[in-house]
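Each chain is listed here by its residues.
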Amino acid sequence: MQSLAGSSLRRALRPASQLIRRNAPRRTLSSPPIQKPGEIPNHKRVVTITVAFLAGASFYFFLPDPTRAAPTLEKAPLSPRYFTPSTVVSNEETGPNTKLLRLSVPTEVITASDPSGFQSIWSVFIKDDDIQVERPYTPLYGLDEHGHMLFWIKKYPKGEVGRWLHTKTPGEKIEFRAPLSTWNWKNDTWDEVVIISGGTGFAPFYQLFHSVISDPSISPATQFTLLHSSRNPEELPPASLLTSLNDFSEKHPERLKVNLFVDAADEDRSSSLHVKRIDRPSIESAAGLVKPVVPWWRKIWGHREPELPPKRRMFLVCGPEPMINAVAGPYGRNMSQGVVGGILAEMGIKSSEVYKL
Ligand SMILES: Cc1cc2nc3c(=O)[nH]c(=O)nc-3n(C[C@H](O)[C@H](O)[C@H](O)COP(=O)(O)OP(=O)(O)OC[C@H]3O[C@@H](n4cnc5c(N)ncnc54)[C@H](O)[C@@H]3O)c2cc1C
């Protein structure tokens, strides 16, 4: 579930042009209305509304946000209500614009923390101390018993926090608040969970893999299918993560199927890599939703395929916004789930069967 803090953060980070566009009056092609005596002219009304809106927006952006302004507590149990300092253990390059960042907190902080908040899938808000903004990131293995968290972090050319995190070196301090629930796993609720991820949207899936999927005693009847897409093979998730996934899915094909996609690749690519965007046929075939073709002569004899009981399915979608839009339709107002759209809607999947992370 999108956390309250997460939605307000995203709202705050939406480019001002988008906010203004939403509030701008609709253009019409009709002639201007006749002004009644005593009525405020339309252009004055627009200027007044715009000034009021900009004043409101500045108020929103420049007043201290209660979450960003939360205190920092050194040895207290982890909590989303305040920041906890951590130390950078390592920060290793894994591709042209990604790094694996390992942070550590003292073990007494973990032992004091309430474990019930750390159920998959959860994330942390990391604060960029230079400009006092925070962004959510997903610890790939959760929080281990040594107090370590490992993150796969992408930097965007103009992205604030990602670029800042890439500059951090061992020994430096980084503040975060956690845990924040991203989506709640529920035992014995789904027959099939299909995860469609793009770029670092792989991180929440990997946390679920580590804590739930790789333990076949948890919901043993649930089948998981991953469809992950990156721009090119160099930008795929780190080999260490992919190897553990592939090894597991080879041993337990009934539990996990992995399908990797890239937009483009050289000729010598691995044969198991699909070179295309994740499209409807890929999702249908990965999720076993392709209806078998019945030969015409069997139809003549009145042959009917046996009706299978409906499966309890969940589609999790996590990635860059254009990908979420194409696969599952855009988020609703204030980053709520909205109705399902895109490919999943074309396939007849219901909103209750889709979660946009
Ligand atoms: C629950 C949750 C968990 C997340 N976990 C991770 C994680 O484990 N690892 C990780 O790297 N990220 C993760 N993210 C995304 C992360 O929170 C930031 O949005 C991302 O790092 C960009 O932040 P920034 O400050 O670097 O860029 P910003 O300053 O927010 O963005 C500046 C510019 O960068 C570009 N940009 C930013 N984001 C994207 C994008 N997604 N696709 C394309 N261009 C973009 C755009 O051009 C944008 O205008 C997660 C997001 C959520 C909601």
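Every value quoted in this text rests on a predicted model; they were computed, and no experiment measured them.

**Concerning the site of the ligand**
Then, number 1: Surveying the vicinity of the ligand reveals 18 residues, the closest of which are Arg135, Pro136, Tyr137, Val161 and Gly162.
Then, number 2: One nitrogen or oxygen atom from the main chain of lysine 154 is found 3.0 Å from an oxygen atom belonging to the ligand.
Then, number 3: One nitrogen or oxygen atom from the main chain of glycine 162 is found 2.8 Å from an oxygen atom belonging to the ligand.
Then, number 4: When isolated, the ligand has an accessible area of 930 Å², and the protein chains bury 70% of it.
Then, number 5: Where the shell around the ligand is concerned, the elements lending two or more residues are strand S4 (133-137), strand S5 (148-154) and helix H5 (160-166).
Then, number 6: When residues are assigned to domains, the shell around the ligand turns out to be shared by domain 1 (84-181) and domain 2 (192-292 + 307-356), each giving three or more.

**Let's talk about the UniProt feature "binding site: FAD" (unreviewed entry) in the protein**
Then, number 1: Within this structure's numbering, the places UniProt gives as "binding site: FAD" (unreviewed entry) are Arg135, Pro136, Tyr137, Lys154 and Val161. A stretch of 27 residues holds the annotated residues, and the largest C-alpha distance among them is 12.3 Å, short enough that they meet in one place.
Then, number 2: Checked against the element boundaries, lysine 154 lands in strand S5.
Then, number 3: Judged by relative accessible area, lysine 154 falls into the buried class, the value being 14%.

**Side note on the environment of leucine 227**
Then, number 1: Turning to its location among the elements, leucine 227 is positioned in strand S8 (residues 223-230).
Then, number 2: Between the alpha carbons of leucine 227 and isoleucine 278 there is a distance of 7.4 Å; along the sequence they are 51 residues apart.
Then, number 3: Beyond its immediate stretch of four places on either side in the chain, leucine 227 contacts Val194, Ile195, Ile196, Ser197, Asn259, Phe261, Ile278, Ser282, Ile283 and Ala286.

**Thoughts on the environment of glycine 171**
Then, number 1: With respect to the element layout, glycine 171 can be found in the loop between H5 and strand S6 (173-181).
Then, number 2: In this structure glycine 171 comes out as partly exposed when scored by relative accessible area, which is 48%.
Then, number 3: For the pair glycine 171 and serine 104, spaced 67 residues apart in sequence, the C-alpha separation works out to 9.9 Å.
Then, number 4: Among all residues touching glycine 171, those that are not within four sequence positions of it are Thr87 and Val88.

**Focus: the pairing of strand S11 (residues 313-318)**
Then, number 1: Here S11 lies mainly inside the structure; six of its six residues are buried.
Then, number 2: Of the pairings in the sheet, the one linking strand S7 (residues 192-198) to S11 comprises six bridges and is parallel in character. Its bridge partner lying in S11, isoleucine 195 is registered against leucine 316.
Then, number 3: Pairing geometry for S11 and strand S12 (residues 354-356), over three bridges, is parallel. Counted as the bridge partner of phenylalanine 315 is valine 354 from S12.

**As for the pattern of salt bridges**
Then, number 1: In the structure shown here, the tally under the stated rule is 12 salt bridges.
Then, number 2: Of the charged contacts, one joins lysine 127 and glutamate 175 as a salt bridge, the two residues approaching to 3.1 Å between their closest N and O atoms. Separated by 48 residues along the polypeptide, lysine 127 in strand S3 (residues 122-128) and glutamate 175 in strand S6 bring together distant segments of the chain.
Then, number 3: The exposure class of lysine 127 is buried, given its relative accessible area of 6%.
Then, number 4: Exposure remark for glutamate 175: the relative accessible area of 15% places this residue in the buried category.

**Some details on helix H6 (residues 202-213)**
Then, number 1: With 12 residues, H6 extends just 14 Å between its outermost C-alpha atoms, more than 12% less than the 16 Å of an ideal straight helix rising 1.5 Å per residue.
Then, number 2: Of all 12 residues making up H6, 10 are buried, and the element is well covered by its neighbours.

**What to know about the packing of aromatic side chains**
Then, number 1: In this structure the tally under the stated criterion is 11 aromatic pairs.
Then, number 2: Note on tryptophan 152 and phenylalanine 202: the rings are 6.2 Å apart at their centroids and 85° apart in plane angle, and the pair reads as edge-to-face. One end of the pair, tryptophan 152, is in strand S5; the other, phenylalanine 202, is in helix H6, and 50 residues separate them in sequence. Of the two residues, tryptophan 152 and phenylalanine 202, neither departs from the other in class, the shared state being buried.
Then, number 3: Arranged with centres 5.6 Å apart and planes meeting at 50°, the rings of tryptophan 185 and tryptophan 190 form a pair that is tilted.
Then, number 4: In this structure, lysine 127 is placed above the aromatic ring of phenylalanine 83, and the distance from its NZ or CZ to the ring centre is 4.4 Å.

Definitions and limits used
- Residues numbered from 1 in each chain as written.
- Predicted model: local features only at pLDDT ≥ 70, side-chain atom pairs only at ≥ 80, totals over all residues.
- Heavy atoms only, no water.
- Near = heavy atom within 4 Å.
- Polar contact = N/O pair within 3.5 Å; in protein donor to acceptor, adjacent residues only side chain to side chain.
- Areas by Shrake-Rupley, 256 points an atom, 1.4 Å probe, with all protein chains shown as cover.
- Helix = DSSP H or I, 4+ residues; strand = E, 2+ residues; numbered from the N terminus.
- Domains from an automatic or database assignment.
- UniProt positions renumbered as here; feature names shortened; annotations may be inferred.
- Buried < 20%, exposed > 50% of the residue type's maximum accessible area, 1.4 Å probe, protein only.
- Contact = heavy atoms within 4.5 Å.
- Pairing = 2+ DSSP bridges.
- Salt bridge = Lys/Arg side-chain N within 4 Å of Asp/Glu carboxyl O.
- Expected span 1.5 Å × (residues − 1).
- Phe/Tyr/Trp six-rings, centres within 6.5 Å; stacked < 30°, edge-to-face > 60°.
- Lys NZ or Arg CZ within 6 Å of the ring centre and 35° of its normal.

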